[in-house]
Amino acid sequence: MIALVLGGVMVAALAGSPARARGGLLAVAGAQQQPAAALYSPSSPVVTIHPYQFAAIRTDAKRTWIFEAYASWCGHCQAFAPTLESLASNLSTYSATVAVGAIDCAYYRDACIAIGVSGFPTLFVWGGAHPPLASNTSASPASELPLAPHGNSGSEPGTEAESSADGAPMHVGGFANTSALTKWLASKLPPLYATVTDVAGVAALADRARTENVSAVVFWPNPLGDIDPALLALSFAGRARFAQVTDPTCLPVISALGLPPETVEPAPSPRQAPTRGLRYAHPSPSPTPARDDFGGGIRAFKTALFVLGPDALPDSRDGPGGGGALSPAAGRSSLRRYTGSFAQAGPLDDWLRRTLDELSPQPDASNGTRTSATNLSPVISAVVDWAPVPVSMPDLAAAVEFALQNDVPLAFAAQGVLSGDALDALRSFLLTLSRFFPSPDNRAVLDRVRLVVENASAGRGNVTIEQWTVALRAPATADGAFQLPVPALSPGASREFRECAGSRPELRGYPCSLWLLFHVLLMNADTSHAAPVLASIVGYIGYFFSCLECRNHFLGMLGDLSSQLQYGIAREEGALWLWSRHNAVNLRLNATGGVSNDPAHPKLIFPPKRACPSCYDESGELRNDPAILGFLREAYCSREPGDAAFACARERAAIAAARAGSVEGGAYMFSSALLTLGCCALCLLLAALPWLCHERFASVTLQLERAEDRKLGERLDREADHAAVAAATAAAAAAAAAA
């Protein structure tokens with residue numbers, strides 16, 4: 001804190017001293033460390049501003065500051081950055097009186113809220129003759145400055161606000177082109193043209209033009225008919241030095257400028273007819289006659305504008321600064337006079353641009369600080385094969401955390417409170433998150449935030465920025481940052497984008513993750529909640545998405561959606577609507593070659609044919625809505641534990657069960673067929689059983705008969721043997737007896 005205050009005091013002291021180009025406050029501001037995603041590099045002519053320098057800039061009486069508050073992730077801010085750099089480059093030779101600075105509100109959120117920033121980009125005009133900061137002139141950090149309403153509360157984005165809290169001019173939103181920007185600034189900056197009253201003024205003009213290697217433009221009177229010289233000088237800043245001749249009848253000034261003799265002429269006497277209107281002719285090389293040679297009075301062109309190219313500038317080396325007379329230019333071929341009408345600025349602008357291109361070289365518009373994706377990302381008019389962005393919980397969590405901590409607080413900047421339709425939009429969005437954001441643990445945290453807001457607004461009809469801070473602090477981490485529990489982060493770690501990370505820090509990121517979040521919320525809802533969910537998404541964009549040009553583009557695509565939401569909308573219809581708008585944004589950004597395009601991640605229509613062949617018809621057109629819905633369900637339906645009750649999860653489970661059932665059914669049919677075949681075989685076997693039994697019985701009977709025959713033969717053989725033995729024994733006994 002002490003270091004910041006001392007730094008602010010040092011800046012204030014430097015701001016009070018004369019500063020040359022990139023000197024004084026410019027040098028101190030530009031030397032500070034800046035966020036990695038900042039749109040303006042240290043070598044950019046746009047000075048990077050830090051919050052503790054606000055007070056010094058706002059009270060800088062010698063210099064007027066054109067000050068932009070932007071967000072590095074904002075696509076329109078990225079598109080506007082080259083315009084602001086071009087303006088800053090053109091004004092670099094006026095750095096003693098005009099400076100251009102910028103601050104990244106994605107990095108310095110609280111500081112931007114404190115000065116009344118409600119959307120991006122926002123332009124302020126500070127310092128110079130504009131009112132200083134009324135109450136906080138100390139050099140304390142801007143995050144400690146009180147919130148105050150600004151003059152644009154309730155006005156449409158992209159329109160000029162009356163003033164900021166301290167009365168300084170402010171413009172919320174972008175500009176259609178450089179001409180619109182310069183037109184808004186012309187009346188708010190100190191005049192960028194000198195006033196030439198004498199020869200010394202001519203010498204100073206010539207010196208500056210010669211030093212800057214540009215032409216000099218002299219004119220009279222002021223205004224130039226219907227043309228504002230301040231706007232003209234601002235439009236061509238960096239191309240020429242402008243000066244108003246206060247008295248075109250002052251011959252020493254006309255002579256010093258080297259204007260032709262026809263520029264002035266004697267006033268006609270009463271006896272002479274008036275001289276006709278003079279037309280420009282190449283000047284005579286002879287010196288311009290002295291005043292006495294004209295006799296009586298002098299008259300000049302009533303309205304005139306001359307361009308003096310580099311070789312038509314008078315040489316002032318021996319002029320007033322050196323004590324001698326101003327030397328006429330050696331070359332006169334680069335002197336031009338505008339002879340057209342001064343009723344409209346367009347013809348004069350065109351003539352002046354052509355003349356300056358002819359007489360003096362065009363400064364290099366490139367400052368080498370920016371690599372535009374325009375040159376790297378060609379216009380895509382057809383579907384190509386690419387990988388869609390997968391959904392990851394880190395990206396979804398980062399989207400919600402960034403939205404609630406950065407986008408929503410900006411809506412409080414106008415009045416310090418949120419009420420009416422904006423409050424209803426916030427409550428609706430929190431309700432959608434608490435119902436359909438992935439993971440029960442995350443939904444519980446988001447529901448606590450919602451309940452704090454509901455309780456704070458009950459009976460009052462509004463919520464203050466302090467109450468919103470309390471709502472986010474309830475589930476916050478130890479360091480006070482709002483953080484969702486899933487996916488978990490290690491202590492001290494910060495949430496980073498994973499699938500939505502860009503090839504450079506300022507690319508993709510938050511807008512990419514926000515699209516993913518919207519698709520997931522709508523796909524997780526059922527048909528009865530589809531209309532409220534889609535309405536809450538539209539409400540968030542309309543009231544809280546801080547890239548104002550992006551917001552306007554999205555709201556311009558709504559068509560008759562509002563009337564459809566009143567009568568309800570099927571979830572499938574809402575999902576297809578959001579998908580088609582997302583693709584329309586991708587194609588528009590590619591067609592315009594926006595600097596927000598990441599060449600490593602082209603913005604093309606999805607799904608590609610490789611990811612969903614069935615989404616395309618025979619002619620290659622992306623028209624098969626059922627297949628597209630299937631792709632969206634697979635891509636965006638939550639897969640977190642505890643989310644099985646979501647409609648898309650139930651549908652996915654049913655489809656999976658049906659697929660599994662078809663496999664089991666096939667196996668059952670196969671086994672049934674085998675069983676049928678077995679039954680048929682058994683039936684055939686049973687049918688043949690009688691025959692088989694008869695044959696078997698006959699065979700067995702024959703075998704038994706044969707066995708009986710064998711047994712009978714063996715018995716008869718034994719009996720015969722026994723009879724033979726008995727007979728032999730009897731014969732032996734008889735013989736013995738006889739003996």
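A brief report on the enclosed structure follows. Sequence order sets the numbering: in each chain, residues are counted from 1 along the sequence as written. The predicted origin of the model limits local features to residues at a pLDDT of at least 70 and limits the giving and counting of side-chain atom pairs to 80 or more, whereas totals for whole chains, interfaces and linings rest on all residues. Based on all heavy atoms of the structure, the side-chain values leave hydrogens and waters out of the count.

1. Regarding the overall build of the chain
- To qualify as a helix, a DSSP run of H or I must reach at least 4 residues; to qualify as a strand, a run of E must reach at least 2; elements of each kind are numbered from the N terminus. Along the backbone of the chain there are 21 helices and 15 strands.
- Contact between two residues is taken to exist if any of their heavy atoms lie within 4.5 Å; hydrogens are not considered. Restricting to contacts in the chain with at least 6 residues of sequence separation, those with at least 24 account for 74%.

2. Digging into helix H15 (residues 510-524)
- Residue count minus one, scaled by 1.5 Å, sets the expected span of a helix. Taking 1.5 Å as the rise per residue, H15 with 15 residues should run 21 Å; its terminal C-alpha atoms sit 21 Å apart, in good agreement.
- Within H15, 14 of the 15 residues are buried, which leaves the element mostly enclosed by the surrounding structure. Type-normalised accessible area, obtained with a 1.4 Å probe on protein chains alone, sets the label of each residue: buried when under 20%, exposed when over 50%, and partly exposed for intermediate values.

3. A closer look at the pattern of salt bridges
- For salt bridges, the criterion is a side-chain nitrogen of Lys or Arg within 4 Å of an Asp or Glu carboxyl oxygen. All told, the structure shown has 17 salt bridges when counted by the stated rule.
- The salt bridge involving Arg504 is made with Glu506; its shortest N-O contact spans 2.8 Å.
- The exposure class assigned to Glu506 is buried, which follows from its relative accessible area of 14%.
- The shortest N-O distance in the salt bridge between Arg623 and Asp617 comes to 3.8 Å.
- Take Asp617: its relative accessible area is 24%, and that puts it in the partly exposed class.
- Each of Arg571, Glu572, Arg633 and Glu651 takes part in salt bridges that share partners, so that together they form one network.

4. Points about the state of the cysteines
- In what follows, a disulfide is any cysteine sulfur pair within 2.5 Å. Under the criterion given, the structure shown has 5 disulfides.
- Across a sulfur-sulfur distance of 2.1 Å, Cys500 and Cys512 are joined as a disulfide pair. Taking the torsion about the S-S bond as the criterion, the Cys500 to Cys512 disulfide, at about -65°, is left-handed. You can see Cys500 sitting in the loop between helix H14 (465-473) and H15 and its partner Cys512 sitting in helix H15, a full 12 residues away along the chain.
- Here Cys500 falls in the buried class, since its relative accessible area comes to 0%.
- What pairs with Cys547 in a disulfide is Cys550, and their sulfur atoms sit 2.2 Å apart. Measuring the twist about the S-S bond at about 50°, one finds the Cys547-Cys550 disulfide to be right-handed.

5. A closer look at the nonpolar core
- Ranked by size, the top nonpolar core spans 161 residues in total, and within it Leu305, Trp468 and Tyr540 carry the most contacts.
- When residues of this core are assigned to their parent elements, the largest contribution, 11 residues, is made by H15.
- Excluding residues within four positions of it along the chain, Leu305 makes contact with Val217, Val218, Phe219, Leu224, Leu232, Arg336, Arg337, Tyr338, Phe342, Leu348, Trp351 and Leu352. Nine residue types can take part in a nonpolar core, namely buried Ala, Val, Leu, Ile, Met, Phe, Trp, Tyr and Cys, and a core is a set of them joined through side-chain atoms within 4.5 Å.

6. Some points on the packing of aromatic side chains
- Aromatic pairs are defined between Phe, Tyr and Trp rings, using the six-membered ring for Trp, whenever the two ring centres lie within 6.5 Å; interplanar angles under 30 degrees are classed as stacked, those over 60 as edge-to-face, and all others as tilted. All chains considered together, the criterion is met by 26 aromatic pairs.
- Relative to Phe67, the ring of Phe54 has its centre 5.5 Å away and its plane inclined at 80°; by these criteria the two rings are edge-to-face. Residue Phe54 is found in helix H3 (residues 54-58), and its partner Phe67 is found in strand S2 (residues 64-70); the two are separated by 13 residues along the sequence.
- On the basis of an interplanar angle of 35° and a centroid distance of 5.8 Å, the ring pair of Tyr540 and Phe544 is categorised as tilted. There is no split in this pair, since Tyr540 and Phe544 are both buried.

7. Quick notes on the environment of Pro45
- By secondary structure assignment, the location of Pro45 is in the loop between helix H2 (25-31) and strand S1 (47-48).
- Given the relative accessible area of 21%, Pro45 is considered partly exposed.
- Sequence spacing of Pro45 and Ser92 is 47 residues, and the spatial spacing of their C-alpha atoms is 7.2 Å.

8. Topic: helix H20 (residues 625-636)
- Its 12 residues place the ends of H20 16 Å apart at the C-alpha level, agreeing with the 16 Å of an ideal helix rising 1.5 Å per residue.
- Looking at H20, one finds that the buried residues are Ala627, Ile628, Leu629, Gly630, Phe631, Leu632, Arg633 and Tyr636.

9. Focus: the pairing of strand S12 (residues 304-308)
- With 5 of 5 residues buried, S12 is to be regarded as a mostly interior element.
- Relative to S12, strand S8 (residues 215-220) runs antiparallel, the two being bridged by 5 bridges. Of the residues in S12, the one forming a bridge with Val218 is Phe306.
- Each pair of strands is called paired provided DSSP finds at least two bridges between the two strands. Here 3 bridges tie S12 to strand S13 (residues 335-337), and the two strands are oriented antiparallel to one another.

10. Notes on the side chain of Thr464
- Mapping Thr464 onto the fold places it in strand S15 (residues 462-464).
- When residues no more than four places from it in sequence are discounted, the contact partners of Thr464 are Phe412, Gly416 and Val417.

11. Looking at the sheet that holds S8
- Strand order across the open sheet formed by 5 strands is S7-S9-S8-S12-S13, with mixed pairing between neighbours. The open sheet terminates on both sides in strands that have one partner only, identified here as strand S7 (193-196) and S13. Pairs of neighbouring strands in the sheet enclose a mean axial angle of 25°, with direction left out of account.
- Strand contacts of helix H7 (residues 199-212): S7, S8 and strand S9 (240-245), with the helix running at about 170° to S9, the strand carrying the most contacts.
- Geometry is summarised by axes, namely lines fitted to C-alpha atoms with helices restricted to the contacting stretch, and by angles between N-to-C directions that run from 0 to 180 degrees. Running over the sheet, helix H10 (residues 345-359) touches S8, S9, S12 and S13 and is turned about 20° from S12.

12. A few points about the packing of helix H11 (residues 393-410) against H15
- Following both chains from N to C, one finds H11 and H15 inclined at 110°, their axes separated by 8 Å at the closest point. Relative to H15, the element H11 lies roughly perpendicular. Across the interface between the two elements, Asp395, Leu396, Ala399, Val400, Phe402, Ala403 and Asp407 of H11 pack against Tyr510, Ser513, Leu514, Leu516, Leu517 and Val520 of H15.
- Each residue gets one label: Ala, Val, Leu, Ile, Met, Phe, Trp, Tyr, Cys and Pro are nonpolar, Asp, Glu, Lys and Arg are charged, and the others, such as Gly, are polar. Taken together, the residues of the contact of H11 with H15 break down into 10 nonpolar, 1 polar and 2 charged. Reported orientations rely on four angle classes, namely roughly parallel under 35 degrees, roughly antiparallel over 145, roughly perpendicular from 65 to 115, and oblique for the rest.

13. Points about the environment of Asp207
- Structurally, Asp207 is set in helix H7.
- Overall, Asp207 belongs to the partly exposed group, its relative accessible area being 36%.
- Taking the C-alpha atoms as reference points, Asp207 and Leu313, separated by 106 residues in sequence, lie 8.6 Å from one another.

14. Re unusual backbone geometry
- In this chain, Asn222 is followed by Pro223 through a cis amide linkage whose omega measures 5°.
- Residues Phe606 and Pro607 are joined by a peptide bond in cis, for which omega reads 0°.
- Relative to the assigned elements, Pro607 resides in the loop between helix H19 (571-592) and H20.
- One non-glycine residue, Asn213, lies in positive phi territory at about 55°.
- Tracing the sequence through the fold places Asn213 in the loop between H7 and S8.
- The backbone of Ser439 sits at a positive phi, close to 85°, despite the residue not being glycine.
- For Ser439, the position within the fold is in the loop between helix H12 (420-436) and helix H13 (440-457).

15. Thoughts on the pairing of S8
- Burial within S8 is extensive, with 6 of its 6 residues counted as buried.
- By the alternation rule, side chains of S8 split into Ser215, Val217 and Phe219 and Ala216, Val218 and Trp220, which are all buried.
- Relative to S9, S8 runs parallel, the two being bridged by 5 bridges. When the sheet's bridge partners are listed, Val218 is paired in S9 with Ala243.

16. A look at the environment of Ser434
- Along the polypeptide, Ser434 turns up in helix H12.
- Looking at Ser434, the relative accessible area reads 12%, which means it is buried.
- Sequence separation of Ser434 and Val445 is 11 residues, and the distance between their C-alpha atoms is 7.9 Å.
- Among the polar contacts made by the side chain of Ser434, one reaches the main-chain carbonyl oxygen of Leu431 at a distance of 2.8 Å. In protein, a polar contact means a hydrogen-donor-capable atom and an acceptor-capable atom, both N or O and within 3.5 Å, with residues adjacent in sequence counting only if both atoms are side-chain atoms; elsewhere, any N or O pair within 3.5 Å suffices.

17. Examining the packing of H13 against H14
- H14 packs onto H13 with a crossing angle of 150° between their chain directions and a minimal axis gap of 8 Å. As the angle between them shows, H13 and H14 are arranged roughly antiparallel. Of the two possible hands of crossing, H13 and H14 adopt the one that is right-handed. Mapping the contact onto sequence places Val449, Val452, Val453 and Ala456 in H13 and Gln467, Trp468, Ala471 and Leu472 in H14. Handedness of each helix crossing follows the sense of rotation of the near helix against the far helix: counterclockwise by less than a right angle gives left-handed, clockwise gives right-handed.

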